[in-house]
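# Inside the fold
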2 protein chains.
Amino acid sequence: MTRTIEFWYEFASTYSYPAAMRADRAAAEHGVQVVWRPFLLGVIFRYMGWTTSPFNEHPAKGAYMWRDMERICAKQGLDFGRPSPFPQNGLNAARVAMALPNDARGAFSRAVYEGQFAQGRDISDPQFLMDALAQIGQDASAVWDTAMSDANKTALRDQTAQAQTLGIFGAPTWRTHDGELFWGNDRLQDALEWMDTVPV
Amino acid sequence: MTRTIEFWYEFASTYSYPAAMRADRAAAEHGVQVVWRPFLLGVIFRYMGWTTSPFNEHPAKGAYMWRDMERICAKQGLDFGRPSPFPQNGLNAARVAMALPNDARGAFSRAVYEGQFAQGRDISDPQFLMDALAQIGQDASAVWDTAMSDANKTALRDQTAQAQTLGIFGAPTWRTHDGELFWGNDRLQDALEWMDTVPV
């Protein structure tokens, strides 16, 4: 049985970008498969009393994060520019991701992150998302219709509620097969090493 | 010339404990010396609008941190128990640390962290701090008198103001010889690897 790690991510989250770009590759090195779990971090932030990103709320924290992202992306060989506005509205992207099977979800999510952080695209734009779907070989119109269905919207709401129930408060968050949470792009390696020590 | 890394820490900070316990050793492996820089994170938190630790403010974040500390300390071979109350009042400890030269400051700080997180001691207790000073071979009364002097209190206030000027908003924070900040216990290795790529 292939062991799996859950990757809980938010499309507008900066640190989710380098995480998404290497998650499948890093996990595969440990014989682990990534289960891509998009959710709406903004909903959880509102429960925490925040109306915007803590990186906007606290200037020192924001300045640090932008510099840190430059360093991390350079080290990982990723192009990086600041999205404007920040944070972007990731609702449409999350709905589309929910409508895809896991493999396509990973490919689609990487395309959205590259558009947002390497190409300066607006990820709420339906045309951008349709193009990303076509780029990964999907039937864009069919997926879009599924994405905007009531059932799919409910599925995304439920997934966000599940994130909150699991105690997730930030993105990216890694959840191992034995239910441990590791918060942050920089903790993927820790999560995978943890999994190596725990029987399936 | 020996390269140095600044270790900005707060005595009540949980993640500063594993950081303090390995900082000198990890840095030495890169030929780097640690400059110990205690400051008062609570002062900076108040500027950010927080009246207590964000781990108390946000239950999910707090629950995660306590579990994460258990894992980190187990991995590093450190005993760990939750201080009560949390956060502790680290003002006296920070004043004493400021009154010591750098080498003794490291040894004293490790003793205070062990007392707090491994032995359940109250780190605001002057007797505990005097014992820690004696334990590392210092003249406890003499250091205490210096620690409580107006000049030393001002020096700690100035160091806290300097932390804020540098853009520090959490602990531990590592600052490299070329002025880069790395926030978090888990970023020490990144900071040291960064230093290896930058000429002195």
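For the structure, check the block above.
The shown structure was predicted, so the numbers you read here are calculated from the model rather than taken from an experiment.

The rules behind each value
- Residues numbered from 1 in each chain as written.
- Chains lettered and ligands numbered in written order.
- Predicted model: local features only at pLDDT ≥ 70, side-chain atom pairs only at ≥ 80, totals over all residues.
- Heavy atoms only, no water.
- Least-squares fit on C-alpha atoms with pLDDT ≥ 70 in both.
- Contact = heavy atoms within 4.5 Å.
- Helix = DSSP H or I, 4+ residues; strand = E, 2+ residues; numbered from the N terminus.
- Buried < 20%, exposed > 50% of the residue type's maximum accessible area, 1.4 Å probe, protein only.
- Polar contact = N/O pair within 3.5 Å; in protein donor to acceptor, adjacent residues only side chain to side chain.
- Phe/Tyr/Trp six-rings, centres within 6.5 Å; stacked < 30°, edge-to-face > 60°.
- Axes fitted to C-alpha atoms, helices over the stretch in contact; angles between N-to-C directions.
- Parallel < 35°, antiparallel > 145°, perpendicular 65-115°, else oblique.
- Left-handed = near helix turned anticlockwise from the far one by under 90°.
- Nonpolar A, V, L, I, M, F, W, Y, C, P; charged D, E, K, R; others polar.
- Buried area = accessible area lost by both parts, 1.4 Å probe.
- Salt bridge = Lys/Arg side-chain N within 4 Å of Asp/Glu carboxyl O.
- Pairing = 2+ DSSP bridges.
- Arc of directions from axis to C-beta.
- Right-handed = clockwise from strand over helix to strand, strands pointing away.

This part is about the relation of the copies chain B and chain A. Laying chain B over chain A is done by rotating through 180° and shifting 0.0 Å along the axis; what remains is an RMSD of 0.0 Å. Expressed as an axis order, the relation between the two copies is that of a two-fold axis. When each C-alpha of chain B is compared by its distance to the rotation axis, Asp186 of chain B comes out closest, at 3.8 Å. A shared binding surface is used by both copies, with 100% of the interface residues of chain B retained as interface residues in chain A.

Here Asp68 of chain B shows up in helix 4 (residues 59-76). On the accessibility criterion, Asp68 of chain B (1% relative accessible area) is buried. Within the local environment of Asp68 of chain B, its side chain forms a polar contact with the side chain of Arg187 of chain A, the two groups lying 2.8 Å apart. Looking at Asp68 of chain B, its side chain comes within polar contact range of the side chain of Arg71 of chain B, at 2.9 Å.

Within this structure, the stated rule accounts for 42 aromatic pairs over all chains. Ring geometry for Phe7 of chain B versus Trp174 of chain B: centroids 4.7 Å apart, planes at 15°, classification stacked. Here Phe7 of chain B, found in strand 1 (residues 3-9), pairs with Trp174 of chain B, found in strand 3 (residues 173-175); they are 167 residues apart in sequence, far enough to count as distant. A residue is classified by how much of its surface remains accessible, and Trp174 of chain B, at 0% relative accessible area, is buried. What links up through ring pairs into an aromatic cluster is the set Phe7, Tyr9, Phe11, Tyr17, Trp36, Trp66, Phe80, Phe86, Phe108, Tyr113, Phe117 and Trp174 of chain A.

For the rest of this paragraph, the subject is the packing of helix 7 (residues 126-135) of chain B against helix 8 (residues 140-147) of chain B. All names here are of chain B. Between helix 7 and helix 8, the shortest axis-to-axis distance is 9 Å and the interhelical angle comes to 125°. Accordingly, the angle class assigned to the pair helix 7 and helix 8 is oblique. In terms of crossing hand, the pair formed by helix 7 and helix 8 is right-handed. From helix 7, Pro126, Leu129, Met130, Leu133 and Ala134 reach across to helix 8, where they touch Ala140, Ser141, Val143 and Trp144. In the contact of helix 7 with helix 8, the residues fall into eight nonpolar, one polar and no charged.

Moving on: the interface of chain B and chain A. Every contact between the two is made by 22 residues of chain B and, on the other side, 22 residues of chain A. Buried surface at the junction of chain B and chain A, both sides included, amounts to about 2,200 Å², of which 53% is carbon and sulfur. It is Lys61, Tyr64 and Arg71 of chain B that lose the most area in chain B upon contact with chain A, and together they represent 26% of the buried surface on that side. Here chain B and chain A share ten salt bridges between them. Measuring nitrogen to oxygen at the nearest pair gives 2.6 Å for the salt bridge that ties Arg71 of chain B to Glu180 of chain A. Where chain B packs against chain A, one counts twelve residue pairs in polar contact (both at pLDDT 80 or more). Secondary structure elements with two or more residues in the side of chain B that touches chain A: helix 4, strand 4 (181-183) and helix 10 (188-197) of chain B. No other element matches the eight residues that helix 4 of chain B contributes to the side of chain B that touches chain A. Partitioning the side of chain B that touches chain A into residue classes produces ten nonpolar, two polar and ten charged.

This paragraph deals with the sheet that holds strand 3 (residues 173-175) of chain A. Residue and element names in this part refer to chain A. Judged by pairing direction, the sheet is mixed, and its four strands sit side by side in the order 2-1-3-4 without closing on themselves. The open sheet has two edge strands with one neighbour each: strand 2 (32-38) and strand 4 (181-183). Between one strand axis and the next, the sheet turns by 25° as a mean value, whatever way the strands run.

On to the pattern of salt bridges, then. Residue and element names in this part refer to chain B. Scanning the entire structure with this criterion turns up 24 salt bridges over all chains. Of the charged contacts, one joins Arg110 and Asp24 as a salt bridge, the two residues approaching to 2.9 Å between their closest N and O atoms. Highlighted residues: Arg110 in helix 6 (residues 102-117) and Asp24 in helix 1 (residues 16-28), separated in sequence by 86 residues. With relative accessibility at 24%, the residue Arg110 sits in the partly exposed group. According to the relative accessible area criterion, Asp24 is partly exposed, its value standing at 31%.

All names here are of chain B. Taken together, the buried positions of helix 10 are Leu188, Ala191, Leu192 and Met195. Seen along its axis, helix 10 keeps its buried residues to an arc of 95°; they face one direction. The inward-facing, buried residues of helix 10 contact strand 1, helix 1, strand 2 (32-38), strand 3 and strand 4.

Right, let's get into the pairing of strand 2 of chain A. Residues and elements named next belong to chain A. Among the seven residues of strand 2, five are classified as buried, and the element is accordingly described as predominantly covered. For strand 1 (residues 3-9) and strand 2, the ladder comprises seven bridges, and the chain directions are parallel. Each residue of the ladder has a partner; that of Trp8, found in strand 2, is Arg37. At this point the chain moves from strand 1, through helix 1 (residues 16-28), to the parallel strand 2, and the crossover so formed is right-handed.

Worth remembering: the numbers are spatial, not functional.
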